[in-house]
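Here are the chains, one letter per residue:
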Amino acid sequence: QLDQIIIHQQVELLEAILGTETSSKYEIKNRLGQRVYFAEEENGCFDRKLCSPIRAFTMRIADNAGHEVIRVIRPLRCNSCCFPCFLQQV
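Computed from a predicted model, the values in this text were never measured in an experiment. (Residues numbered from 1 in each chain as written. Predicted model: local features only at pLDDT ≥ 70, side-chain atom pairs only at ≥ 80, totals over all residues. Heavy atoms only, no water.)

1. Details of the side chain of glutamate 41
What counts, and what does not: We count a stretch as a helix when DSSP gives it H or I for four or more residues in a row; a strand needs E for two or more, and each element gets its number in order from the N terminus. In this analysis, two residues are considered to be in contact whenever any of their non-hydrogen atoms come within 4.5 Å of each other.
Positionally, glutamate 41 belongs in strand S3 (residues 35–42). Residues in contact with glutamate 41, not counting those within four places in the same chain, are Ser23, Ser24, Arg55, Phe57, Thr58 and Met59.

Here it is in structure tokens:
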């Protein structure tokens, strides 16, 4: 039973030293701190630099055996004062 999760983002050494954003990776842990899932964001470098907070991405969540259990897809949508009706959706 998984009644609580803790999400911990892994910081890449290159990202920490150079300040450049890389594809995000996360460990999803249970309340005891044991990793139960691993998540990795897939997108391009251009998307991360240009559209950072509103970028499109695919997030693959896998169990400890590496089998994908969930796939989350967020398309690029405009989020500005001119187009407030195009809010982010997953």
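2. Considering the sheet that holds strand S2 (residues 25–29)
The cut-off we apply is this: Strand pairing follows a simple DSSP-based rule, namely that at least 2 bridges must link the two strands. Between N-to-C directions, angles cover 0 to 180 degrees, with each direction set by a line fitted to C-alpha atoms, over the stretch in contact for helices.
Strand order across the open sheet formed by five strands is S1-S2-S3-S4-S5, with antiparallel pairing between neighbours. Strand pairing shows two members of the sheet lacking a second neighbour, strand S1 (6–10) and strand S5 (68–74), which therefore form its edges. Direction aside, the axes of adjacent strands within the sheet are offset by 20 degrees on average.

3. Remarks on the nonpolar core
How we decide: Definition of nonpolar core: a set of buried residues of the types Ala, Val, Leu, Ile, Met, Phe, Trp, Tyr and Cys, connected through side-chain atoms within 4.5 Å. Buried, partly exposed and exposed residues are distinguished by accessible area as a fraction of the type maximum, computed with a 1.4 Å probe on protein chains only: under 20%, between the cut-offs, and over 50%, respectively.
Formed by Tyr26, Ile28, Ala39, Phe57, Met59 and Ile61, the largest nonpolar core amounts to six residues. Going through the elements one at a time, S2 and strand S4 (57–63) are the ones with two or more residues in this core. Counting residues per element, this core draws most heavily on S4, at three residues.

4. Here's the deal with the side chain of serine 24
Rule in force here: Contacts described as polar in this section are N or O atom pairs within 3.5 Å, which, within protein, must combine one atom able to donate a hydrogen with one able to accept it, while residues neighboring in sequence count only if both atoms come from side chains.
Looking at the secondary structure, you find serine 24 in the loop between helix H1 (13–18) and S2. Polar contacts involving the side chain of serine 24 include one to the side chain of glutamine 9, which spans 3.4 Å.

5. A word on the pattern of salt bridges
The condition that has to hold: Salt bridges are defined by distance alone: a side-chain nitrogen of Lys or Arg within 4 Å of a carboxyl oxygen of Asp or Glu.
Applying the stated criterion across every chain, the model contains seven salt bridges. Residues aspartate 3 and arginine 31 are paired through a salt bridge, measuring 3.2 Å at the closest nitrogen-oxygen approach. Linking aspartate 3 in the segment before S1 with arginine 31 in the loop between S2 and S3, this pair joins segments that are 28 residues apart in sequence. When its relative accessible area of 52% is taken as the criterion, aspartate 3 is described as exposed.

6. Some thoughts on the environment of histidine 8
Locating histidine 8 in the fold gives a position in strand S1. Classification of histidine 8 by relative accessible area gives partly exposed; the value is 42%. Measuring from C-alpha to C-alpha, the distance between histidine 8 and arginine 35 comes to 9.8 Å, with 27 residues separating the pair along the chain. The residues contacting histidine 8, other than those within four sequence positions of it, are Lys25, Tyr26 and Glu27.

7. Things to note about the pairing of S5
The pairing of S4 with S5 spans six bridges and is classified as antiparallel. Bridge pairing links methionine 59 to valine 72 in S5. Between the end of S4 and the start of S5, which pair antiparallel, lie four residues, with glycine 66 showing a positive phi angle near 90 degrees.

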